[in-house]
Amino acid sequence: MYKDRQNFDNVAWDKNDDAEEESLLRLRRKDTCGQVEGLVRQKCGKPATLVSPLVIGGLNIHYRVHLEGEDSSSDVMVRLPWPYAACFPGEKVVYEAATAEYLRLNTHIPTAKVLHYGRDSNVGPFLILHRIEHRGDMTDALAVPGLDPNLTPVLNLELPESKLRSLWGNIAWCLLEVVKPTFTRIGSLVEADGSFRIAARPLTQNMSSMTKLAHIPPSILPLESKTYATTDEWYEALANMHLAQLIFQHNDLVSSEDDCRNKYVARQIFRRLATQGRLSTFGFVQDDWSAYVKTVHPRCPAPDRSGPFRLWCDDFRPANALLGPDDDVAAVIDWEFTYAGPTQFILDPPWWLLFETPEMWPSGIEEWSKAYEPHLKIWLEAMEEKERGAAFLDALPLSVHMQESWKMGRFWLNYAARKSWAFDAVFWTYLDERFFGERDGEVLDEDLWKTRLHLLSEEERQAMEPFVQRKMDESQERILVEWDPAEAKQRLSELLFD
């Protein structure tokens, strides 16, 4: 059975690692630091001096800069996307700046003021933000102290439950603020002349991984100007990207012909459910198709397919919340990969309670689920304390929706929809039998596809074996393929059956 994350393309990963290291050396050089000072001097109108050390994140490099004649409370942070680590850097900066300012102006969330931003400068795309004084981030308060900072944090199980509830309550309050604004389209915020609108594609963390870690051609991703009118349209776009991952990741994704068949069948089924409008109703009162609702009955109605939509951040986690003096939230930062998405997404409980993702849990996704459940109970209690009974949607508090999302499996549906490399573990472990009923308990892992092949259309079944053979033949040579955009779009269209 699929229990963890499927493999990235190691050829692409190695190539990017080398390029990232080279670019990091350039970003740390004295002349680059001087250019950053010059950028701040130009934009802020005062002499500027770099304050060490640089802060190196997963996708960005941060430079603290002091303005002459000001005290340290007026220092700024210059945030540069890390070349080769951050994909679509110009886009990323524009959307992140608009989101941060929109939230600062339209919610009560403390955020760093965006002073200047742009796609082009002598140091590339940039953000200049007011620096917020803080004493670390929420991870420092929640995680086991003293561990290697380069590794994923581990939740400190020795924290008193009351302390954990209090810390999570502070984050819960922020999330309750994030989800208040509503939008009429799915997509990214863009700012123009002080006004904000949804005017660009949702730029997702998964899209970044597809291009960086699987060398998937950007031409098959949604166009930069594309926005979506319905939840079903976005679920279909996500399902198309899962198929694109299978088609275009040249190395390391499939280990055998049957593994390829499993992945093909799961993706075609998921896409069919998306195009039929079924994913948006799964696990809600309107679900009249899944096997699961015949035995477990939902109480929450589905959000309207046509909106309104709400902000969702793919990468939101405790590290985004800077700590104030009393373990309160001094500011929420790093709004990359935030977009107006289906309301279904924000009805799910957060994946990050254990810090580690389900697909990377050492003993597998099912063990992650067992470890998650007792902490979910504490999270929901923290949510309830902050909600104080206030309804969020359909006269029900958000915490009630989150609890039912976990119970019905909606959490897993949306997690699988957003994450191509977790998709297979989630689909075969938590979705397939909820969708279609129990499989034969004796079925071998390599034969999973046989249990659901009948659900595919005739066209989808006929296309499977030629695709599998082509995929296996291609995998014999460990290379990175540079696709012509038109050829890539044609190749993808060959497996999209409507």
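Higher on the page you've got the structure.
Since we're looking at a predicted model, the values are computed, not measured.

Cut-offs used in this document
Counting restarts for each chain: residues are numbered from 1 in the order of the written sequence. Local features in this predicted model are restricted to residues of pLDDT 70 or higher, and side-chain atom pairs are both shown and tallied only at a pLDDT of 80 or more, whereas totals for entire chains, interfaces and linings draw on every residue. Side-chain metrics in this entry use all non-hydrogen atoms of the structure; hydrogen atoms and water are not considered. As defined here, a cavity is a set of points on a 1 Å grid over the protein atoms alone where a 1.4 Å probe fits but cannot get out. A pocket is an open set with protein on both sides within 12 Å along at least five of seven lines, and residues line them when an atom is within 4 Å of a point. Grid points are joined across faces, edges and corners, and a volume is the space filled by probe spheres set on the points. A run of H or I in DSSP becomes a helix once it reaches four residues, and a run of E becomes a strand once it reaches two; helices and strands are each numbered from the N terminus. All amino acids are sorted into three groups, where Ala, Val, Leu, Ile, Met, Phe, Trp, Tyr, Cys and Pro are nonpolar, Asp, Glu, Lys and Arg are charged, and the leftover types, Gly among them, are polar. The buried label applies to any residue whose accessible area, calculated with a 1.4 Å probe on protein chains only, is under 20% of its type's maximum; exposed applies above 50%, and partly exposed to all values in between. Only centres within 6.5 Å qualify two rings of Phe, Tyr or Trp (six-membered ring in Trp) as a pair; their planes then separate them into stacked at under 30 degrees, edge-to-face at over 60, and tilted for everything else. Over a ring means this: the NZ of a Lys or the CZ of an Arg is within 6 Å of the ring centre and within 35 degrees of the ring normal. Any two strands with at least two DSSP-identified bridges between them are counted as paired. Fitted lines through C-alpha atoms give the axes, limited to the stretch in contact for helices. The angle between two N-to-C directions lies from 0 to 180 degrees. The contact criterion used is simple: two residues touch if any of their non-hydrogen atoms lie within 4.5 Å.

K.L.:
Which residues make up empty space enclosed by the protein, and what are the values?
P.N.:
Applying the stated criterion across every chain, the model contains 3 cavities of 30 Å³ or more. Considered as a void within the structure, the largest cavity measures approximately 230 Å³ in volume. Around the largest cavity, the lining comprises 19 residues; the ones closest to its centre are L175, W312, C313, F316 and I346. Looking at the lining of the largest cavity, the elements with two or more residues in it are α5 (161-178), β8 (310-313), α9 (343-346) and α11 (398-408). Grouping the amino acids of the lining of the largest cavity by side-chain chemistry returns 16 nonpolar, 1 polar and 2 charged. What the second largest cavity holds in volume is close to 40 Å³. Surrounding the second largest cavity, K92, Y95, E96, S188, L203, W335, E336, F337 and T338 form its lining. In terms of residue count, the dominant contributor to the lining of the second largest cavity is helix α3 (residues 89-106) (3 residues).

K.L.:
Describe unusual backbone geometry, naming the residues involved and giving the relevant values.
P.N.:
Backbone torsion omega between S52 and P53 reads 0°, so that peptide bond is classified as cis. Notably, F88 is not glycine yet its phi reads approximately 50°, a positive angle. With respect to the element layout, F88 can be found in the loop between β3 (76-81) and α3. For F88, a relative accessible area of 19% puts it in the buried group. You will see that D334, though not glycine, has its phi angle at about 60°, which is positive.

K.L.:
Can you lay out the packing of aromatic side chains for me, pointing to particular residues and giving the numbers?
P.N.:
In the structure shown here, the tally under the stated rule is 34 aromatic pairs. Aromatic side chains W406 and W412 sit 5.8 Å apart centroid to centroid with 45° between the ring planes, which places their arrangement in the tilted category. We classify W406 as buried; its relative accessible area is 10%. Residue class for W412 comes out buried when judged on its relative accessible area of 2%. An aromatic cluster of three or more residues is present, and its members are F270, F282, W289, F423, F427, W428, F435 and F436. Over the ring of Y228 we find K226, and its NZ or CZ is 5.2 Å from the ring centre. Sitting above the plane of the W351 ring, K419 keeps its charged end 5.8 Å from the centroid.

K.L.:
Can you tell me about the sheet that holds strand β4 (residues 114-118), naming the residues and giving the values?
P.N.:
Spatial ordering of the open sheet is given by β1-β2-β3-β5-β4, a layout of 5 strands whose pairing is antiparallel. Two strands close off the open sheet at either side, each with one partner strand: β1 (48-56) and β4. Geometrically, the sheet is characterised by an average inter-axis angle of 20° between neighbouring strands, direction not taken into account. With 4 bridges joining them, β3 and strand β5 (residues 126-130) adopt antiparallel strand pairing. Paired with R79 across the two strands is L127, which belongs to β5. Strands β1, β2 (60-67) and β3 of the sheet are contacted by helix α1 (residues 10-28), whose axis makes an angle of about 155° with β1.

No statement about biological role is implied by the geometric values presented.
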